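One letter stands for each residue in the lines below.
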Amino acid sequence: MSDASFSDEDLTAFLDGEADPELNASITAALDTDANLTARLASLDLPIAAIRSSYDALLSEAPDLPEEESNAISDRRIWPWAFGTFATGLAAGFAMAAFLPSDAPAPSEPGWKAVVASYQSLYGQSTLDGMNPAEDESRAQLAQVSAAIGLDLSDLPAPAGLRLKHARLLNFKGRPLAQLAYQREDGTPVALCIIKLANGEAKPMNLETLAGLGAANWNAGGFGYLLIGGDDQQKIEPEAVPFARWSQSAT
């Protein structure tokens with residue numbers, strides 16, 4: 001099976017230890033011969049260096065295997081999920097580490113979009129239920145965030161079906177990051193996150209899946225934008241379009 005046969009959702013499930021047995025076996029077999037698949041997995045911001053270090057430490061503390069069992073296991077093909085003491089999610093990461101050369105450079109740290117996606121994945125259907133700010137409170141929150149990131153958010157559009165529940169200031173590697181928390185009518189949490197970019201390069205809208213969530217990202221006016229939430233990718237694009245149009249002239 002080729003690299004293209006697996007979607008990002010398939011690979012994410014594999015790395016998270018949530019793939020069904022058939023998918024898990026297919027990806028495992030494909031990794032033996034498909035270098036492109038290995039590269040795709042490595043590009044998902046998996047902290048291979050840390051995993052390799054943790055894996056080595058765990059192996060050094062594990063009891064010795066009986067000689068006949070030890071001889072049956074290849075040093076380069078030890079699959080961590082064979083050890084019941086390893087958590088399932090980490091096991092998939094350890095397996096990936098076994099496929100990378102020991103002298104491979106450590107991957108860069110996750111970017112701001114990956115960090116936001118991980119944070120947003122913790123939101124549930126009821127997370128924002130108790131947040132019902134009055135209009136003047138919302139304006140005050142937006143003003144505070146606007147001042148911090150250097151972008152006026154007072155005239156943000158209000159896409160149909162989304163209700164603004166909270167505007168807060170987060171931080172990514174010392175840079176202010178705006179998070180505007182919205183809620184769909186069915187309770188699904190959706191976030192619009194904005195960060196000032198170092199290079200300011202404009203990029204058109206790109207639809208993708210991050211941490212299992214539908215997402216749309218683009219760059220405009222020196223800022224990076226990410227709208228993310230829910231598992232229905234088809235809902236994200238029409239929600240993102242008004243924000244993307246607004247961003248073209250935002251100051």
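Refer to the structure printed above.
Attention here is on the structure that accompanies the text. (Residues numbered from 1 in each chain as written. Predicted model: local features only at pLDDT ≥ 70, side-chain atom pairs only at ≥ 80, totals over all residues. Heavy atoms only, no water.)

**Focus: the overall build of the protein chain**
Secondary structure summary: the protein chain contains nine helices and six strands in total. The burial tally for the protein chain puts 39% of its 251 residues in the buried class. When the accessible surface of the protein chain is totalled, it reaches about 13,500 Å², and 51% of it is carbon and sulfur. (Helix = DSSP H or I, 4+ residues; strand = E, 2+ residues; numbered from the N terminus. Buried < 20%, exposed > 50% of the residue type's maximum accessible area, 1.4 Å probe, protein only. Areas by Shrake-Rupley, 256 points an atom, 1.4 Å probe, with all protein chains shown as cover.)

**Some thoughts on the packing of aromatic side chains**
For the structure on display, the rule yields four aromatic pairs. Note on Y119 and Y123: the rings are 5.6 Å apart at their centroids and 65° apart in plane angle, and the pair reads as edge-to-face. Judged by its relative accessible area of 15%, Y123 falls in the buried class. Members of the aromatic cluster, each reached through a chain of ring pairs, are W218, Y225 and W246. (Phe/Tyr/Trp six-rings, centres within 6.5 Å; stacked < 30°, edge-to-face > 60°.)

**Digging into the packing of helix 2 (residues 21–31) against helix 3 (residues 35–42)**
Contact pair helix 2 / helix 3: the axes reach a minimum separation of 8 Å and the direction vectors enclose 115°. It follows that helix 2 is roughly perpendicular to helix 3 by the angle criterion. Where helix 2 approaches helix 3, its residues I27, A30 and L31 are matched on the opposing element by L37, T38 and L41. Classifying every residue of the contact of helix 2 with helix 3 by side-chain character gives five nonpolar, one polar and no charged. (Axes fitted to C-alpha atoms, helices over the stretch in contact; angles between N-to-C directions. Parallel < 35°, antiparallel > 145°, perpendicular 65-115°, else oblique. Contact = heavy atoms within 4.5 Å. Nonpolar A, V, L, I, M, F, W, Y, C, P; charged D, E, K, R; others polar.)

**Digging into the pairing of strand 4 (residues 203–210)**
When strand 4 meets strand 5 (residues 213–220), the two strands line up antiparallel, connected through six bridges. Bridge assignment links K203 to a residue of strand 5, and that residue is N219. Once strand 4 ends, the chain turns through two residues before running back antiparallel as strand 5, passing A211 with a positive phi of about 50°. (Pairing = 2+ DSSP bridges.)

**Notes on unusual backbone geometry**
For K173, which is not a glycine, the phi torsion comes out positive at approximately 50°. Positionally, K173 belongs in the loop between strand 1 (162–172) and strand 2 (175–184). In the Ramachandran plot, A211 falls in the positive-phi region, its phi being about 50° despite a non-glycine side chain. Relative to the elements of secondary structure, A211 occurs in the loop between strand 4 and strand 5. Look at A211 and you get partly exposed, because its relative accessible area is 42%.

**Description of the environment of G124**
Here G124 shows up in the loop between helix 7 (112–120) and helix 8 (135–149). Taking relative accessible area as the criterion, G124 reaches 29% and is therefore assigned partly exposed. In this structure the C-alpha to C-alpha distance between G124 and G230, which are 106 residues apart in sequence, comes to 9.5 Å. Filtering out sequence-adjacent residues up to four positions away, G124 remains in contact with G187 and P189.

**Here's the deal with helix 7**
Within helix 7, the full set of buried residues consists of W112, V116, A117 and Q120. What you see down the axis of helix 7 is that its buried residues fit within an arc of 135°, all on one side. For helix 7, the elements touching its buried residues are strand 1, strand 2, strand 3 (189–196), strand 4, strand 5 and strand 6 (223–228). (Arc of directions from axis to C-beta.)

**With respect to the nonpolar core**
By size, the foremost hydrophobic cluster in this structure holds 26 residues, and its most contacted members are L153, L192 and Y225. Listing elements by their share of this core, those giving two or more residues are helix 8, strand 1, strand 2, strand 3, strand 5, strand 6 and helix 9 (233–247). Excluding its chain neighbours within four sequence positions, the residues that come into contact with L153 are L142, V145, S146, L180, I194 and W246. Formed by 14 residues, the second largest nonpolar core is a distinct cluster that contains V116, F172, I195 and I228. (Core = buried A, V, L, I, M, F, W, Y, C linked by side-chain atoms within 4.5 Å.)

**Some details on the sheet that holds strand 1**
Overall, antiparallel pairing links the six strands, which are arranged 1-2-3-6-5-4 in an open sheet. Of all the strands in the sheet, the pair left with one neighbour each is strand 1 and strand 4. If you compare each strand with its neighbour and ignore which way they point, the axes differ by 20° on average. Where helix 7 meets the sheet, it contacts strand 1, strand 2, strand 3, strand 4, strand 5 and strand 6, and its direction lies at approximately 30° from that of strand 6. Set on the sheet, helix 9 makes contact with strand 1, strand 2, strand 3, strand 4, strand 5 and strand 6; between it and strand 5 the angle comes to about 20°.

Interpretation in functional terms is not warranted from these geometric data alone.
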